[in-house]
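Chain by chain, the residues:
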Amino acid sequence: TYYVSIAAYDADGNTSLSSTIKGATVPNRAPVVEGAPGAISLKKDEVTQVVLTVSDIEGDSWTYSFVPGSSAATITPQGNGQLVLRINAGAVTPGQNFEAKLTVTDALGAENVITIYYSVINNAPVLRQSFQDLLFQFIGEESKYNLNEYFIDKDNDAVTFEVTSTNSQVVKADLSTDVLT
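In this report, the structure presented in the accompanying data block is examined. Treat the numbers as computed from the prediction; the structure is a model and nothing was measured.

## Re the nonpolar core
In a soluble, globular protein the nonpolar side chains are often hidden away together inside.
Then step 1. Ranked by size, the top nonpolar core spans 23 residues in total, and within it L52, L85, I87, L102 and Y118 carry the most contacts.
Then step 2. When contributions to this core are tallied by element, the ones reaching two or more residues are strand 4 (40-43), strand 5 (47-55), strand 7 (73-79), strand 8 (82-88), strand 9 (96-106) and strand 10 (111-121).
Then step 3. Those residues in contact with L52 that sit more than four places away from it in its chain are V33, E34, G35, A36, P37, I75, G81, Q82, L83, L85 and L102.
Then step 4. Listed in part, the 5 residues of the second largest apolar core include Y145, Y150, F161 and L180.

In structure tokens, the structure reads:
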């Protein structure tokens with residue numbers, strides 16, 4: 001709170017009654033960050049960029065600090081009050097969740113802390129259809145299966161296969177790339 005008193009004086013030194021005004025300073029407000037994402041979920045090979053716009057309602061200059069949460073996240077200033085958040089999912093092991101913190105502080109010390117949650121996912125291959133039970137009539141009889149018809153990977157990752165048998169003396173499995181014989 002502050003007070004200002006105003007009075008008028010003429011050339012002969014005569015003074016008017018003074019008028020007093022009571023004022024109050026508006027509290028300093030923290031910078032505003034626009035464009036901050038909610039949670040970000042990326043596949044293991046994806047990269048995303050988000051433009052964040054920072055402004056200060058009082059016109060104060062501002063600075064920022066960034067704690068990335070992992071080596072996947074970076075912030076780059078672009079000028080005109082913009083920061084670019086970049087997340088490169090390939091920089092980390094899939095299946096993890098991360099938390100980055102962006103702190104924007106104005107010249108008078110007011111700060112705004114933005115938390116950005118991001119995760120890198122990789123889905124396991126899924127069995128598309130079950131194999132039918134087999135009955136062989138003769139020794140040496142064989143059957144072939146294209147395993148890509150039985151399994152799918154939603155992330156389009158290269159898939160390798162492993163075959164085991166409870167009795168390798170009776171059943172021998174030969175796996176060549178994605179064909180089971």
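## Topic: the pairing of strand 5
Then step 1. Here strand 3 (residues 32-34) runs beside strand 5; their pairing, made up of 3 bridges, is antiparallel. Considered in strand 5, the bridge of V33 is made with V54.
Then step 2. Where strand 5 lies against strand 8, 7 bridges are found, and the strand directions are antiparallel. Bridge pairing links T48 to I87 in strand 8.

## Quick look at the pattern of salt bridges
Then step 1. What the rule picks out here adds up to 3 salt bridges.
Then step 2. Its salt-bridge partner being E58, residue R29 comes within 3.0 Å of it at the nearest N-O pair. One end of the pair, R29, is in the loop between strand 2 (19-23) and strand 3; the other, E58, is in the loop between strand 5 and strand 6 (62-67), and 29 residues separate them in sequence.
Then step 3. Residue E58 is classed as partly exposed on the basis of its relative accessible area, which comes to 32%.
Then step 4. Put simply, K101 and E99 hold a salt bridge, and the shortest N to O gap is 3.4 Å.

Criteria and cut-off values
- Residues numbered from 1 in each chain as written.
- Predicted model: local features only at pLDDT ≥ 70, side-chain atom pairs only at ≥ 80, totals over all residues.
- Heavy atoms only, no water.
- Core = buried A, V, L, I, M, F, W, Y, C linked by side-chain atoms within 4.5 Å.
- Buried < 20%, exposed > 50% of the residue type's maximum accessible area, 1.4 Å probe, protein only.
- Helix = DSSP H or I, 4+ residues; strand = E, 2+ residues; numbered from the N terminus.
- Contact = heavy atoms within 4.5 Å.
- Pairing = 2+ DSSP bridges.
- Salt bridge = Lys/Arg side-chain N within 4 Å of Asp/Glu carboxyl O.

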